[in-house]
Amino acid sequence: MTELIQNGYSCPREMRLFYDLFFSEDEDVCIIQNFSYENKTINVYTQIIFNSRSYFEDYYFEFDRDNKSEKLIKKIFIAACTRSFSHAAMKIRKINFSWGVMSGIRPAKNVRELMEEGYSSDEVRDIFKNVYEVSDEKTELAMTVAGNERELLSRIGKNSVSLYVGIPFCPTRCVYCSFVSADMRISGKYMDEFCEKLLLEIEKTKELIDEVGAYVENIYIGGGTPTTLSAEQSDMILKKLNEYFVSDKLVEFTVEAGRPDTITREKLDVLKKYGVNRISINPQSMNAVTLKKIGRSHTVDMIYDAFSTAREVGFDIINTDLIAGLPDETPEMFKNSLERVIELKPENITVHSLCLKRAASFRHTENELAKSEYMNEMLSYIRKRMKDEGYDPYYMYRQKNSSGNLENVGYAKPGTMSAYNVNIMEEKQTIIAMGGGGSSKVVMGSRIERVFNFKDPLEYIRRFDDILKKKDEIKGLIMNG
Ligand code: SF4
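How each quantity is defined
Residues numbered from 1 in each chain as written. Predicted model: local features only at pLDDT ≥ 70, side-chain atom pairs only at ≥ 80, totals over all residues. Helix = DSSP H or I, 4+ residues; strand = E, 2+ residues; numbered from the N terminus. Rg over C-alpha atoms; globule rule 2.2 N^0.38 Å. Buried ≥ 20, exposed ≤ 12 C-beta atoms within 10 Å, placed from the backbone. Contact = placed C-beta atoms within 7 Å. Core = buried A, V, L, I, M, F, W, Y, C linked by C-beta atoms within 7 Å. Domains from an automatic or database assignment. Near = placed C-beta within 6 Å. Nonpolar A, V, L, I, M, F, W, Y, C, P; charged D, E, K, R; others polar. Pairing = 2+ DSSP bridges. Axes fitted to C-alpha atoms, helices over the stretch in contact; angles between N-to-C directions. Parallel < 35°, antiparallel > 145°, perpendicular 65-115°, else oblique. Expected span 1.5 Å × (residues − 1). Arc of directions from axis to C-beta.

What about the overall build of the chain?
Okay, step 1: Check the secondary structure of the chain and you find 17 helices and 17 strands.
Okay, step 2: The globule rule puts the C-alpha radius of gyration for 481 residues at 23 Å, and the 24 Å found for the chain is close to it.
Okay, step 3: Projected onto the principal axes, the alpha-carbon positions of the chain cover approximately 65 × 55 × 45 Å.
Okay, step 4: Relative to its 481 residues, the chain shows a buried fraction of 43%.
Okay, step 5: For the chain, restricting intrachain contacts to residue pairs at least 6 apart in sequence, the fraction spanning at least 24 positions comes to 74%.

This is how it looks when you write it as structure tokens:
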């Protein structure tokens, strides 16, 4: 963006998000915006100068700010600015706009916050439609997710915390990976030492939890790929977690087994032995050609094998992850993956929209537009198929970098929704992270404090004293919160 001038109200961060949907970094664009609020009416006049031409939008919106919180007023003002800008920019380029000018990545949280302001469901729908210009379909999705989240959040126990354990190793690196993970072929030599340190961190966390008088409601082991640990390494870590934190108050104990090539019966037996009651087996695609293309070192048959072994061992809540929009996948290929996964009858299915890497030169091509439209159609199709099969959407977040900022949605059969996934989204329960790449979130009323663990396994090992100090920091935050 060459120049952004905002008079009357300024929201450069949100303007940047929408700018990035329309323009590339190297384009010469000047945006001038005048904002006013008079007689209960917002007026935002936008001028965009691009390629020696000017494009205008004059936007009016009636809004009575009396008795509204500062937070809501800010949201409405920002929406007015981004909407005025987007309408002017639409005169230059068309983009997928199914989420309208909603800039946050958690639409269901918006629903909840509006309801906390006293708005009824119908009024929230009205704001989604008329202020943010969210499509009816996405509005209903957000409303359904918010309803399910509300139910799960109401079950959070007083003084409860969740634990996250990050195992930052993977067998190979997937081409689209945006997570914290080290390729085992390079970093595998650090795994033993990583596990030794992790056991010490678990002990320190146990002391912390006892000292602040909390108890553990959910444990989530993620990564990376936790099942890259050997059965012996898993046994040591899970034994300790079980000994310290598994009680009759523990609701969920989840291990993201992840990639089928790392799952063995021996490892699944270990998980079962120590009380794990949910696992995730993530095919991402059921098409062999795609698996190869995205750098996964497993076959489709290995997905079936891992799934049936998990059932034999006794896991009755299994999540599967799929990705829509993988390289060169046609709608038929994605539908094939979805149908094959449905046949497996997992209790949860999570569908991600592939997050495109920031590639400004690539973003605004016809191809890209077509892809975002295709993705949107695909997400509607998935939603319908999930409904037919008895799955309900219960958590959702939008991908910041994806075209159209499309959503990732977790679907679940009745009674199998994961409270931990919702806690992560809604930030209503303190989460204490251990291991590589985790971030602890200490909920202090309406404030959240974050404390980050190191991402790189070697740094985690070398700077382990700092990891222990971070636990003291978390203890201080919880005690003062
Ligand atoms: S399995 Fe997940 S964490 Fe590991 S490389 Fe692939 S996307 Fe990244």
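Here the narrative resumes, following the displayed structure.
A short note on the nonpolar core
Okay, step 1: Counting 112 residues, the largest nonpolar core has L163, I279, I281 and A324 as the members making the most contacts within it.
Okay, step 2: The dominant element in this core, judged by the number of residues it contributes, is helix α2 (residues 70-90), at seven residues.
Okay, step 3: Counting contributing residues, this core receives three or more from each of domain 1 (1-93) and domain 2 (155-281 + 417-480).
Okay, step 4: Ignoring anything within four residues of it in the chain, the contact list for I281 reads A257, P260, I263, I303, A306, F307, A310, I318 and T320.

Concerning the environment of E133
Okay, step 1: Relative to the helices and strands, E133 is located in the loop between α4 (121-130) and α5 (136-153).
Okay, step 2: When the C-alpha positions of E133 and F315 are compared, they lie 42 Å apart, and in sequence the two are 182 residues distant.
Okay, step 3: When near neighbours in sequence (up to four residues on either side) are disregarded, E133 contacts R83, G100 and V101.

Quick word on the site of the ligand
Okay, step 1: In the neighbourhood of the ligand, the contacting residues comprise C170, R173, C174, C177, F179, S181, G223, G224, T225, G258 and R259.
Okay, step 2: For the shell around the ligand, a count of residues per class yields four nonpolar, five polar and two charged.

So, the sheet that holds strand β1 (residues 3-7)
Adjacent strands of a sheet form backbone hydrogen bonds with each other and so pair up, either parallel or antiparallel.
Okay, step 1: Here we have four strands laid out as an open sheet, ordered β1-β2-β3-β4, and mixed in their pairing. Single-partner strands in this sheet number two, and they are β1 and β4 (53-62). Adjacent strand axes in the sheet meet at a mean angle of 10 degrees when their direction is disregarded.
Okay, step 2: Direction of pairing for strand β3 (residues 41-50) relative to β4: antiparallel, over a ladder of 10 bridges. What sits directly across from T46, in β4, is E57.

As for helix α15 (residues 419-426)
Okay, step 1: Judged by how many residues are buried, α15 sits mostly within the fold: six of eight residues are covered.
Okay, step 2: Residues A419, Y420, N421, V422, N423 and E426 constitute the buried set of α15.

Observations concerning the pairing of strand β11 (residues 318-324)
Okay, step 1: β11 sits mainly inside the fold: seven of its seven residues count as buried.
Okay, step 2: Neither face of β11 is open: one carries I318, T320, L322 and A324, the other N319, D321 and I323, and all of them are buried.
Okay, step 3: When strand β10 (residues 278-281) meets β11, the two strands line up parallel, connected through two bridges. The residue bridging S280 from the neighbouring strand is N319, located in β11.

Regarding the packing of helix α7 (residues 191-212) against helix α8 (residues 231-245)
Okay, step 1: The contact between α7 and α8 brings their axes to 10 Å, and the two run at 0 degrees. Classified by the angle their axes make, α7 and α8 are roughly parallel. Mapping the contact onto sequence places M191, C195, L198, L199, I202 and K206 in α7 and Q233, M236, I237, K240, L241 and Y244 in α8.
Okay, step 2: Residue composition of the contact of α7 with α8, by class: nine nonpolar, one polar and two charged.

What about α7?
Think of an α-helix as 3.6 residues a turn; residues three or four steps apart then line up on the same face.
Okay, step 1: With 22 residues, α7 ought to run about 32 Å at 1.5 Å a step, and its terminal C-alpha atoms sit 31 Å apart, in line with that.
Okay, step 2: Considered for burial, the residues of α7 that qualify are F194, K197, L198, E201, I202, T205 and I209. Taken around the axis of α7, the buried residues stretch over an arc of 160 degrees, which confines them to a single face. α7 presents D192, D210 and E211 as exposed residues on the side facing more than 90 degrees away from its buried surface.
Okay, step 3: As for α7, its buried residues are in contact with β5 (160-167), β8 (215-223), α8, β15 (431-435), α16 (457-462) and α17 (464-480).
Okay, step 4: Residue G213 follows α7 closely and has a positive phi angle near 70 degrees.

Concerning the domain arrangement of the chain
Okay, step 1: Domain assignment breaks the chain into domain 1 (1-93) and domain 2 (155-281 + 417-480).
Okay, step 2: Of note, the centres of domain 1 and domain 2, computed from C-alpha atoms alone, are 42 Å apart.

As for the pairing of β3
Okay, step 1: Here β3 shows a clear split, with I42, V44, T46, I48 and F50 buried on one side and none of T41, N43, Y45, Q47 and I49 buried on the other.
Okay, step 2: Taken together, the 10 bridges between strand β2 (residues 29-38) and β3 define a ladder with antiparallel strand orientation. By the bridge assignment, F35 is partnered in β3 with V44.
Okay, step 3: Two successive antiparallel strands, β3 and β4, enclose a turn made up of two residues, where N51 displays a positive phi of approximately 50 degrees.

Structural notes on unusual backbone geometry
Okay, step 1: Going from G223 to G224, the amide bond is cis rather than trans, its omega being 10 degrees.
Okay, step 2: Within the fold, G224 resides in the loop between β8 and α8.
Okay, step 3: Notably, N51 is not glycine yet its phi reads approximately 50 degrees, a positive angle.
Okay, step 4: Counting through the fold element by element, N51 comes out in the loop between β3 and β4.
Okay, step 5: The exposure class of N51 is exposed, given the 9 C-beta atoms found within 10 Å.
Okay, step 6: A positive phi angle, near 55 degrees, is found at E427, a position not held by glycine.

Some remarks on the environment of T82
Okay, step 1: In this fold, T82 is placed in helix α2.
Okay, step 2: When the C-alpha positions of T82 and Y164 are compared, they lie 36 Å apart, and in sequence the two are 82 residues distant.
Okay, step 3: Those residues in contact with T82 that lie beyond four places of it in its chain are E14, M15, F18, V101 and S103.

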